[in-house]
Amino acid sequence: MNAADLVIVGTGHGGAQAALALRQHGFEGSILMIGRDSEPPYERPPLSKDYLAGEKPFERMLIRPRDFWAERNVQLRLATNVAKLDPAAKELTVAGGDTVSYGTLIWAGGGDPRRLSCPGATLAGVHTVRDKADTDRLRADLAAGATRAVVVGGGYIGLEVAAVLRKLGCEVVLVEMLDRLLARVAGEDLSRFYEAEHKAHGVAILLGAEVEAIEGEERVTGVRLTSGETIACDLVVVGIGIVPSIGPLIAAGAAGANGVDVDPTCRTSLPDVYAIGDCAAHANPYAGGAVIRLESVQNATDMANTAARAICGEPQPYEAVPWFWSNQYDLRLQTVGLNLGHDATVLRGDPASRSFSVVYLKGGQVVALDCVNKTRDYAQGRKLVEARATIAPELLRDAETLKELL
Ligand SMILES: Cc1cc2nc3c(=O)[nH]c(=O)nc-3n(C[C@H](O)[C@H](O)[C@H](O)COP(=O)(O)OP(=O)(O)OC[C@H]3O[C@@H](n4cnc5c(N)ncnc54)[C@H](O)[C@@H]3O)c2cc1C
């Protein structure tokens, strides 16, 4: 197919959910999804969790069964990179020079893993974790006998990978540039809790440590830090964030920088071009209207729905409450809201019990919660975040349930 009423670039979470939402909202035109990945749409979260651990088969990660898309009259063009966008002609150019024209375009390109720029960064055995092929390569190294790992980056993906590698019996050293883990996303209480947990599970954590070079001839043999120390290893996993995959949009004149700018209905500045998911920079009501990008399943799903509604003539602004989860060892972290700019935190419960919550306040209002093995706080706290409730810190700390504070 070289033309479709609606073309979706990206067959990841946002792209798949957009196709589903369009059909749910009654869109009857032709839909074509184009994506680089050679597999049909699948969930990414298991890539650093149970799929990496070998505990979840890939088929169970598929967002829908393989033949579902054709049955819904959604055409998939896999293993295809979109290289260029001509917004005046409403045409995409894919690798190889083929063109595809669209009536409406949804860009759901996600992001490419940020890579180290130091010497040795491209040696064999240096991994990122973004798609199935990445995790398969990492698993192949493990199967071939790699047992000493260095994880670069103490964000969620780095920590999840470290937890799985420990479970698989690897020696793990985690290198983080900042002075605490999860520094960009969580408050100090949560950072220190996860630091203690990973240490208790045998991960060596180096904070305030920077990579100077990856050593090795063809394959990695070690990681040299700016301190001069070298950590011998068989593999490296780099988890230092993503770069939004928006090159063709920006080259075509779309407004944006760190992500493509979208309005409350996910429209970009280009005519009939929407953008959703990890690559979309938007003013988020739960961030006090600040322009941010969110990298979560929630955001990809809810933006897909927002764009589909707008395209189907039922526009509603994007106002969904942000939520996220992370699994490490036997700890299930659930977060709701955004803690951006918080000025106080309240601890509910004792981290030593491995079941507790951190409530984030801004100007007295509850703006976010991080809940570790505490699903009830997460469910009830979500309502406090949605209501932008103002509640005295001592009540938040001492109440048996958050429900009674609503
Ligand atoms: C290892 C891992 C663990 C995660 N864990 C969690 C979690 O526990 N909880 C949570 O909420 N979120 C988690 N996330 C984040 C979540 O998976 C993403 O936020 C979500 O997938 C974003 O959806 P998206 O459609 O924006 O991007 P993606 O799902 O990344 O899809 C983008 C697709 O577009 C393709 N693409 C990009 N550019 C082009 C182009 N020019 N031409 C063709 N195709 C292109 C890419 O190849 C990709 O397939 C995790 C992500 C990863 C990688």
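This text follows the structure it describes.
So, here is what we can say about the structure in this document. (Residues numbered from 1 in each chain as written. Predicted model: local features only at pLDDT ≥ 70, side-chain atom pairs only at ≥ 80, totals over all residues. Heavy atoms only, no water.)

### Side note on the site of the ligand
Inspection of the region around the ligand gives 32 residues, with Gly14, Arg44, Lys49, Arg130 and Asp278 positioned closest. At a separation of 2.8 Å, a nitrogen atom of the ligand approaches a polar backbone atom of Val82. Between an oxygen atom of the ligand and a main-chain N or O atom of Val297, the distance comes to 3.0 Å. For the ligand, whose unbound accessible area comes to 1000 Å², protein coverage reaches 96%. Sorting the residues of the shell around the ligand by element identifies helix H1 (13-24), helix H7 (297-311) and strand S22 (323-328) as the ones contributing at least two each. Across the shell around the ligand, the residue classes break down as twelve nonpolar, 14 polar and six charged. (Near = heavy atom within 4 Å. Polar contact = N/O pair within 3.5 Å; in protein donor to acceptor, adjacent residues only side chain to side chain. Areas by Shrake-Rupley, 256 points an atom, 1.4 Å probe, with all protein chains shown as cover. Helix = DSSP H or I, 4+ residues; strand = E, 2+ residues; numbered from the N terminus. Nonpolar A, V, L, I, M, F, W, Y, C, P; charged D, E, K, R; others polar.)

### Digging into the sheet that holds strand S9 (residues 148-152)
In spatial order, the strands read S8-S15-S9-S10-S11; together these five strands make up an open sheet with parallel pairing. Every interior strand has two partners, whereas the edge strands, strand S8 (126-127) and strand S11 (204-206), have only one. Bridge count for S9 against strand S10 (residues 171-175) is five bridges, and the pairing is parallel. Each residue of the ladder has a partner; that of Ala149, found in S10, is Val172. Here helix H4 (residues 156-167) sits on the sheet and contacts S9, S10 and strand S15 (235-238); the angle it forms with S10, its principal contact strand, is near 165°. (Pairing = 2+ DSSP bridges. Contact = heavy atoms within 4.5 Å. Axes fitted to C-alpha atoms, helices over the stretch in contact; angles between N-to-C directions.)

### Quick look at H4
Because each turn of an α-helix spans 3.6 residues, side chains separated by three or four positions in sequence point in the same direction. Along its twelve residues, H4 runs 17 Å from first to last C-alpha, staying within 8% of the 16 Å computed at 1.5 Å per residue. Most of H4 is tucked away, with nine of its twelve residues classed as buried. Listing the buried residues of H4 in full gives Tyr156, Gly158, Leu159, Glu160, Val161, Ala162, Ala163, Val164 and Leu165. Just beyond H4, the residue with positive phi is Gly169, at close to 95°. (Expected span 1.5 Å × (residues − 1). Buried < 20%, exposed > 50% of the residue type's maximum accessible area, 1.4 Å probe, protein only.)

### A word on the state of the cysteines
Taken as a whole, this structure holds zero disulfides when the rule is applied. Here Cys118 stays unpaired: no disulfide links it, and the sulfur of Cys233, its closest cysteine neighbor, is 12 Å away. As a non-bridged cysteine, Cys312 has Cys266 as the owner of its nearest cysteine sulfur, 13 Å distant. Residue classification places Cys312 among the partly exposed positions, given a relative accessible area of 23%. (Disulfide = S-S within 2.5 Å.)

### So, the packing of H1 against H7
Contact geometry of H1 with H7 gives a least axis separation of 8 Å together with a crossing angle of 40°. When you trace H1 past H7, the crossing you get is right-handed. Contact residues: H1 offers His13, Gly14, Gln17, Ala18, Ala21 and Leu22, while H7 offers Val297, Ala300, Thr301, Ala304, Asn305, Ala308 and Ile311. Here the residues of the contact of H1 with H7 are counted per class, giving eight nonpolar, five polar and no charged. (Left-handed = near helix turned anticlockwise from the far one by under 90°.)

### Things to note about the nonpolar core
Looking at soluble globular proteins, one finds that nonpolar side chains tend to be buried together. Membership of the largest hydrophobic core comes to 52 residues, with the highest contact counts inside it found for Leu92 and Ile106. With residues near it in sequence (within four places) discarded, Ile106 still touches Leu6, Val7, Ile8, Val9, Ala18, Leu22, Tyr274, Ile276, Ala307 and Ile311. Residues Leu159, Val161, Leu182 and Tyr194 belong to the second largest nonpolar core, which totals 41 residues. (Core = buried A, V, L, I, M, F, W, Y, C linked by side-chain atoms within 4.5 Å.)

### What to know about the environment of Leu249
Along the chain, Leu249 turns up in helix H6 (residues 247-251). Leu249 has contacts with Leu85, Trp107, Ala254, Val260, Leu270 and Val273, leaving out every residue within four places of it along the chain.

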